[in-house]
Amino acid sequence: MDIELLSECSTAIQRVISQRFLSDLIRKPARKNLTITDRERLSIPEECRSNAAIAILDTRTNREEPPEVESLREQLHVELEHQLGGRSVFLQAEEGLFICLFPANNSPHWERIQREASRYAPLTLSISIGERSKDLSLVHESYRQAVRLAHVVFSKGPGVYYAADHLPYQAEVEYPHSSQNEILVEMEENSLDGLKAAVHSFYEGLYEQGVIEIDLVYLMTIRLVISLEQALAKGGSERYALPLLDITKTEYRSELEEKVYGILNQLRELSLLAKPQEDGNIIERSIEHMKKDVANTSLQQVAAQVYVTPNYLSMLFKSRTGRTFIDTLTDLRMEEAKRRIAETGSKNFEISQDVGYQDPRYFSKLFKQKVGMTPSEYRERMGRSTLLVSRQLG
């Protein structure tokens, strides 16, 4: 056999052994009894046998790719393998995802590699780098750190990211209800600039304490969109087709924010079509809720019962009836007070408390402003009217 051909075959075999060994190393947590043979250790370039680290080079995408992308990815693969394969172990884990074991003491210039990859646009390259491992048996830790940096890439966009930068990581995040309410206010007030700012603020809040998992971001986003769709439906049966699957196809946070803004803007426009009739129904339902318990009702309680924000309900009362929510509530309380005066033997201070006023003097003053006489005068008049009616019937 030709010596040159034999040498090439030997090199190819060594590459396969080293790649298989690297695959075993990064999966070590699932294979606790992994032993490293001399042959496997020797298959790794000498510089990588100590003080090595893992870099993950990611060109994957969730989007529908144009036909030329596959060819570009193959060209980039060849170039990367040529640059990194000499003193490193370069492994294609799956289509578009590459794993590189490299000597930490003689690291490739990752920033330059990432910049030069821009020649292959629209293909993008992001590089996540774990911390160095002093021994091959610990390489899986460097790999785990590099995997986690994918969440940073999603948040910040394509680039080079190092686990050694100690970016804070959040395992759990509370759902930001207040941010959701702010978005709803902007949608109801028809403020496009305000809506975009509120959506951005929603995600700023999620990331305020550090990086979070991508799937958790998607989950929070889907919850946001569904909650707002329900709120805009005002408790009715009308529902809209939501492109929730599109949310999980976004590559980066900035793209997700644009997608969510577009979805919410569409929801806002659809809700406007049924707005006049819905607004009238909201006022009617609000008044019915107020009548059920005039003493203890409030703007916040009624708004929750008719599925709108307090600000929107207050604005709706003023624009649709010409009166404020408090004006309407006060009128309902006075009507209930008049009924109780006429039909019960309750004293004025008891009626005052029954309709929501703890101060009888304030109640008496307000009653006179609305009815034109004090509660006692009204009682006396109603008493005379009752007596007159009974005499006429007698």
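Provide a residue-level description of the layout of surface pockets, including the pertinent values.
As a volume, the largest pocket reaches approximately 560 Å³. D58, R60, A150, I214 and E251 are, among the 24 residues lining the largest pocket, the residues nearest its centre. Mapped by element, the contributors of at least two residues to the lining of the largest pocket are β1 (52–58), β4 (126–129), α5 (139–148), α6 (150–156) and α9 (214–232). Considered class by class, the residues forming the lining of the largest pocket number 12 nonpolar, eight polar and four charged.

Break down the packing of aromatic side chains for me, citing the residues and quoting the values.
Applying the stated criterion across every chain, the model contains 10 aromatic pairs. With a centroid separation of 5.8 Å and 55° between ring planes, the pair formed by F363 and F367 is classed as tilted. Taken together, the positions of F363 and F367, both in helix α17 (residues 360–371) and four residues apart, correspond to about one turn of that helix. Each of the two residues, F363 as well as F367, counts as buried. Counting every residue linked through ring pairs, the aromatic cluster contains Y357, Y362, F363, F367 and Y378. Sitting over the face of the ring of Y261, K196 holds its NZ or CZ atom 4.7 Å from the ring centroid. In this structure, R223 is placed above the aromatic ring of Y175, and the distance from its NZ or CZ to the ring centre is 4.0 Å.

Go over the packing of helix α7 (residues 177–188) against helix α8 (residues 192–206) with me, naming the residues and quoting the values.
Packing of α7 against α8 brings their axes to within 8 Å, and their N-to-C directions diverge by 170°. Looking at the two axes, α7 sits roughly antiparallel to α8. Contact residues: S179, Q180, E182, I183, E186 and M187 in α7; G194, L195, A198, V199, S201 and F202 in α8. Residue classes in the contact of α7 with α8 are distributed as six nonpolar, four polar and two charged.

Explain the environment of L136 to me, and be specific about the residues and the numbers.
For L136, the position within the fold is in the loop between β4 and α5. Here the alpha-carbon distance between L136 and L22, two residues 114 residues apart in the chain, equals 9.3 Å. Not counting residues up to four positions away in its chain, the partners in contact with L136 are F21, L25, I36, R41, I44, C48, R49 and L101.

Account for the pairing of β1, naming residues and giving values.
In terms of burial, β1 is a largely internal element, six of the seven residues being buried. Examined bridge by bridge, β1 and strand β3 (residues 97–103) share seven bridges and lie antiparallel to one another. If you follow A52 over to β3, its bridge partner there is P103.

Can you break down α7 residue by residue, with the values?
Over its 12 residues, α7 runs 17 Å from end to end, which matches the ideal 16 Å to within 8%, given 1.5 Å per residue. Taken residue by residue, α7 has S179, Q180, I183, L184, V185, M187 and E188 as its buried positions. Of the residues trailing α7, N190 is marked for its positive phi of about 60°.

Talk me through the nonpolar core; I want residue IDs and the actual numbers.
Counting 31 residues, the largest nonpolar core has I183, M187, Y203, L206 and L264 as the members making the most contacts within it. For this core, the secondary-structure elements that each account for two or more residues are α7, α8, α9 and α11 (253–273). Here this core takes 10 residues from α9, the largest share from any one element. Every residue in contact with I183, bar those within four places of it in the chain, is listed here: L195, A198, V199, F202, L224, L228 and L264. Counting residues in each nonpolar core, the second largest holds 27 residues, with V308, M334, I341 and F363 among its members.

What counts and what doesn't
- Residues numbered from 1 in each chain as written.
- Predicted model: local features only at pLDDT ≥ 70, side-chain atom pairs only at ≥ 80, totals over all residues.
- Heavy atoms only, no water.
- 1 Å grid on protein atoms, 1.4 Å probe; cavity = no way out; pocket = protein on both sides within 12 Å on 5 of 7 lines; lining within 4 Å.
- Points joined across faces, edges and corners; volume = space filled by probe spheres on them.
- Helix = DSSP H or I, 4+ residues; strand = E, 2+ residues; numbered from the N terminus.
- Nonpolar A, V, L, I, M, F, W, Y, C, P; charged D, E, K, R; others polar.
- Phe/Tyr/Trp six-rings, centres within 6.5 Å; stacked < 30°, edge-to-face > 60°.
- Buried < 20%, exposed > 50% of the residue type's maximum accessible area, 1.4 Å probe, protein only.
- Lys NZ or Arg CZ within 6 Å of the ring centre and 35° of its normal.
- Axes fitted to C-alpha atoms, helices over the stretch in contact; angles between N-to-C directions.
- Parallel < 35°, antiparallel > 145°, perpendicular 65-115°, else oblique.
- Contact = heavy atoms within 4.5 Å.
- Pairing = 2+ DSSP bridges.
- Expected span 1.5 Å × (residues − 1).
- Core = buried A, V, L, I, M, F, W, Y, C linked by side-chain atoms within 4.5 Å.

Geometric values such as these leave the question of function open.
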